[in-house]
Each structure stands twice: as structure tokens, then as C-alpha cells.
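Descriptive structure summary
Listed below are the residues making up each chain.
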Protein chains: 2
Amino acid sequence: MDKFEVKLDQAARAAWLSYVGGRTQDEIAAQLGVSRPGVQRLLALARQEGLIKVHIDHPISNCMTLGQALRDQFDLEFCDVVPVDPDAEHNSAHYVAVAGCDRLTRYLERTEPLTLSLGSGRTVRATVEAVSRMDRPQHRFVSLVGNVARDGSSNRYDGVTALADKTASGRFLLPAPVVAGSVEEREALLNQRLFQAIASVAAEAEVGFIGVGPINRQATLFQDDFINESELDELLSCRAVGELLGWPLDAQGRIIDCSVTRRVTSPALESLAPQRLVALAGGTDKGPAILSALRGGWLKGLITDEAAARYVLDNAVRR
Amino acid sequence: MDKFEVKLDQAARAAWLSYVGGRTQDEIAAQLGVSRPGVQRLLALARQEGLIKVHIDHPISNCMTLGQALRDQFDLEFCDVVPVDPDAEHNSAHYVAVAGCDRLTRYLERTEPLTLSLGSGRTVRATVEAVSRMDRPQHRFVSLVGNVARDGSSNRYDGVTALADKTASGRFLLPAPVVAGSVEEREALLNQRLFQAIASVAAEAEVGFIGVGPINRQATLFQDDFINESELDELLSCRAVGELLGWPLDAQGRIIDCSVTRRVTSPALESLAPQRLVALAGGTDKGPAILSALRGGWLKGLITDEAAARYVLDNAVRR
DNA sequence: TCTACTCACGAACAATTGATCAGTCAAGGG
DNA sequence: CCCTTGACTGATCAATTGTTCGTGAGTAGA
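Let me begin by describing the structure that accompanies this report. What you are looking at is a predicted structure, and each value in this text was computed from that prediction instead of being measured. (Residues numbered from 1 in each chain as written. Chains lettered and ligands numbered in written order. Predicted model: local features only at pLDDT ≥ 70, side-chain atom pairs only at ≥ 80, totals over all residues. Heavy atoms only, no water.)

**Re the protein's contact with DNA strand C**
Taken together, Ser35(A), Pro37(A), Arg41(A), Thr24(B), Gln25(B), Arg36(B), Gln40(B) and Arg47(B) make up the full set of residues adjacent to DNA strand C. Of everything in DNA strand C that lies within 4 Å of the protein, sugar and phosphate atoms constitute 48%. In this structure, Arg41(A) approaches DNA strand C through a side-chain N or O atom, which is 2.7 Å from a base nitrogen. Contact between DNA strand C and Gln25(B): a phosphate oxygen at 2.6 Å from a side-chain N or O atom of the residue. When contributions to the surface near DNA strand C are tallied by element, the ones reaching two or more residues are α3 (36-48) of chain A together with α3 (36-48) of chain B. The element that contributes the greatest number of residues to the surface near DNA strand C is α3(B), accounting for three residues. Tallied by class, the residues present in the surface near DNA strand C amount to one nonpolar, four polar and three charged. (Near = heavy atom within 4 Å. Polar contact = N/O pair within 3.5 Å; in protein donor to acceptor, adjacent residues only side chain to side chain. Helix = DSSP H or I, 4+ residues; strand = E, 2+ residues; numbered from the N terminus. Nonpolar A, V, L, I, M, F, W, Y, C, P; charged D, E, K, R; others polar.)

So, in C-alpha cells, the structure goes:
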């Protein structure tokens, strides 16, 4: 057996003794025949490898209430709200990711083949990272959004590859920029056989986990070099507040018609209506974008945090 | 809102910050506006109330191997083997219980109505204890084994009540001793309308979680005053090695015909064949009993620990 | 064979967590 | 109005956990 496997094995055993059995590291050390710092290292490894899954089994009423309100008001199938941690340096994406992982895992556990689409962004990526390894060769994952930046480099926040690696499933990546350089380039891309093949897989997906991007100076779309500064300025000037898969939305959730829109390569949002789109996004700064996406009625599920949930409810006058 | 609910709420929040967020108690204290020992108390409460569920996400290869072997050899649908902890004072029942809870929860999560039967014993009880509260009014739980001791007292290890309480489901308890005082008494019990009603619910169960009892001086059946000493002696003298629902089994898993057998009030094991019987039992001392139950082919699933699994595999010559 | 390098180990120390206990405050009763 | 009771609080200390760093074993290359 692989040396690393043996370590992991022992790490799992140590973790079991520590977390489930509640024994001290000294006891575990005696048990496994290693030194106490050895146990420490094993536990650190177990945590790092994501072997340890903690689940807090209580509907934190505040979050429950917020979730219920959002579900009712925006006609969602589900809405999970996680508690916020104001001074978390890694802006709470982790919390949303853990909750997202729960939902995602529920789909993955299915034995029938599943086609699942993924958006892009840090939150989606973090969610995928939190998923545990499992063997699901029957599933297929497909990206809903191009993962090539303007300079040709691939997106660091691609979730499809990571998820497919973890589950030994099929992967379908969209080899295109989110926003093409010109209308003609977009046309050319869309006519490629390969591109169409992937788009048709995407159309077959039952469910999609996507991010929600705010449109501002910190916009992921801009930071990650999918659009340039003048394009960002254009979006801002026509009052875009957020984007889904690259499609800019106004405050009411309508897709804005502007020069950028005509060059977006992602599948049309309308065409994704048959699938269950689940948005993963948290933080006050994403509030306006989330509200917009909800108002547009694009989402069937939402996983967010207290801060964003409160923003949305405070600013959503009942239509 | 209830004062206790508020506490629990805050406890859940503290637990979230601590376990999922990985923050220190000092940080959590600042966050929630309580003192550090206050956080300590909240976390203790959360643990005590079973709000925190830890799951080690790694097929500990050793256990995996044992489980696979048992599954293959005895034609089981599944077999979970948990690692053993030799110097755990509470004889490893807790470990088996956690694993059992996982399986049990999978059934409970179903939305369609489920009828589930339960055996008796410490392990079954501990498994039920580990289940988290959920609302499942559509389910029904029924006991497969009488829960009245010879002195008329009710069994401390009854799982049906505990599980029904946790899930707000229907409960059906068998108001009878496991072993009746005489053949006539048994006859009288079986003819009661109430008894028959419960037995018919039991017959409808899809799945049953039961314990496996060893037959020796430490036998639960004896310790808990379901049978008296002379009955125990009789069972020992006709080579009983274990019991399922009170039915004594020989080393080959056949039901032994003796005076005790003719007074057992539980449903006949044969009649339970349509349902999925899952045994929960661990520890070397239960090894012979588990082996017997497996040989008899009574089980569809087994949740046990390394020690028992190894005993069974070491002593089971391939038939 | 020697040397340089890597890697894992465990000693020692720092940080965090868990437990105890005396003091305080609020509610209820005389 | 004062006293009793009981629960909660936070100071303090002990236990446990996390981290750092020097050491030595093992290994590959000169």
C-alpha cells in the first residue's frame, strides 16, 4: 500500500479516537504507538485532508428565520443561511462553502447518473474543495461559464476539474473567455463543434451551482481579468449591480443590453430555466447582486450568510 | 422565545464558530459578547445536547477490508466496521452506536412514511440516543421484543420511546415479557387484541435495527431480569451461544428448541424475513453470538467493531 | 566511502481549553 | 423590607493541545 495511504489511515484512526471517542492525544499516542506530537501531526493531516466533517445539528433560529423569509418571498425551493463571522479574515466564503457542500453532496450521493453544471468564482471553488472524495463515475460535471481569461490563462477558480477529480466523474470544460473580444469572435466560438458539444451537455444538467458576482471595482469578473477596465466602466454606467455567469443584471434582475452582453459566451440564462440553479454567495458586498438575481427569478435555491440575507430582506420591498 | 432555546441557539452559534470556523474561545467570546468561560459552557451544552456531529470521512482501510469480507462471506447488503478502542471504559458501544446512527438516520430522512422496528439492548438504545432531533410524524416505530422484565418493570433500554420522542413519530411498544412465565401465559398474551395489533404493525416494518445478545453469565437477557438463573442454565446446557430478540441460537445459527424457546413472545424470526434486519453489536464477547446470527442468515446488515469482525472472520470456516 | 541533503521525530515551550470556586445578582418568601 | 435560595459570572489554575526547533536516521550523489 502507498505510504501516504497508510498515514492517512492512521490519521483517520487518530481522528476517530479524538473526535468520536473523545480521548486525549496522550491516550491516542499510547494506542497508536507514536509520540504525542505525532498524533498532533496526524490530526492536522486529517483536518487538512478534509477527513473530518463537523455538522452543527441545530436550526440556528435566526438563520432559520431569514432563510424561511427568503424562501417565501422569492419562491425558492430552499434557502440555507449560515451564521456570519464578522472578523473572519477569509471573508466568510468558507462558511457558505460548508453549507453548499452539504447540498452538493446530497446530489452527488445519488446512484443514478447525474449531470451537474457549475459556475465559476471563489465561492463555488471553495464549495467544491469541501466535498469529500467519493467514487461516482456515472456523473458528469460541466462548466456553465468560460474559464479562460483574456490573457489566455485558465481560471484558478474552476470547480469542474476539482470536483471531477474528487469523484472520478466526466468533466466538460468550456474553453472560451467569459466575454469574447468581439461579437464576431463570440459568433465563431459558438459555432465550434466542440463548444456546441459542451453546451449541449450543459443544457442537459439537472442542477447547477453557480456564484453571484457583484459589479464594482472588486468584481471577480474584473479582478480575474475576464473583462477589462473599460468594459467594467460600461457595465457600471448602465447600472449593472451583479452578474450571473457573466450576464450583467440591473437592480430588478433584468439582463442589461449593452456591448458586453452581446459578447458573453455563457448559455443564455433563459435556456437554463429547466435546471435548478443554486446560487452560492455571501457577504454584504454581494447583497445587491444577490437581491438582483432573486428579483429576476433566476434562482431555485440559495445558500448565503446572515449578512447578505439581512441585506436582501431589508432592501426587498415586496413586489 | 423559551430561555433555554435562546441558550441553545447561542450554543449552536458558538459551536459553529468553534468547529466550522476554527476560531478560539476568546474570539468567540468577543463575538458573542460573553466571557470566555461562558463560551466554554455554551460549547459544553452544545456537546451535551448532541448538537455537534462529527463524521470521519475515510474508509479506514482495515475496517473496510473486514467489512467487505463479512459482506461477501455472509451475503449482507452492508456491513460497517468501526475501529476498536481497547481501553474505552464504556465497552465500545458508543463507537458502534455512532455508525449505527448514520445508517438509521439515512432511513429516517425519508419523506415517505416508514415503519421501522427496533430490538432491545444497550447498543440499540445508544444508537437511538445518538440520533438527532427531527420532525418525522409520518414514521412509525415498533418494538420487536417485549420490554417488560419479570418483575413488571419496563426495560431501561427501550429504543422505541426515545426514538419516537426525538422524531414525533408513532410508537408501538410490546407490553409483554420477552420470555413468558409459562406456555399458557404466552398463549394468553399472543391472543390479546392489543398484542396482535402491535405484532401486525411489526410485520409491516421494512427494516429493523436489533441487538445481538451473547448467552453467558453476562447475558443482557439475564442481567436485565428477562430470564432467571435456571433458564440461563438451561440455555447454556443446550449450547446456546447467542440470541436474537430473545430467540436462542446455537453455534450454527439455528433456533434451539427448549423450554425457554416455547415461551418467547417476540415475532418468529422466520416471519421477519421480508424485512431488512440490521444487527448492532460489538466487542469480542459478542463474537460467537454475532457469528451465529450471521450463519443462521438472519441478518441483512451488520454494524460492528473491529474486534468482533475479526473474531467472526477468524472463526468462520467457509461453508 | 564520504558528504550533503531531506525528512521525520520528539523535547520543550507557548497557547488554548476545561474545571473549580468564591462572589454577585435576582427572584421569591417570610 | 430583609433574608434565603439558587443560578449565573468571571478569576484562577490545571490539563490538554499546538508549535518550534534541534537532532539523528536514512538516502542519493560525488
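**Structural notes on the relation of the copies chain A and chain B**
You can overlay chain A on chain B at an RMSD of 0.1 Å; the transform is a turn of 180° with a shift of 0.0 Å along its axis. The operation mapping one copy onto its partner corresponds to a two-fold rotation axis. If distances are taken from each C-alpha of chain A to the rotation axis, the shortest is found for Val54(A), at 2.3 Å. Taken together, the interface assignments show that 100% of the residues at the interface of chain A recur at the interface of chain B, consistent with an identical surface on both copies. (Least-squares fit on C-alpha atoms with pLDDT ≥ 70 in both. Contact = heavy atoms within 4.5 Å.)

**Looking at the pattern of salt bridges**
Considering all chains together, one arrives at 34 salt bridges over all chains under this definition. Note that Arg262(A) and Asp257(A) form a salt bridge whose closest N and O atoms lie 3.1 Å from each other. Residue classification places Arg262(A) among the partly exposed positions, given a relative accessible area of 43%. Put simply, Arg13(A), Glu306(B) and Arg310(B) are held in one network by salt bridges that share partners. (Salt bridge = Lys/Arg side-chain N within 4 Å of Asp/Glu carboxyl O. Buried < 20%, exposed > 50% of the residue type's maximum accessible area, 1.4 Å probe, protein only.)

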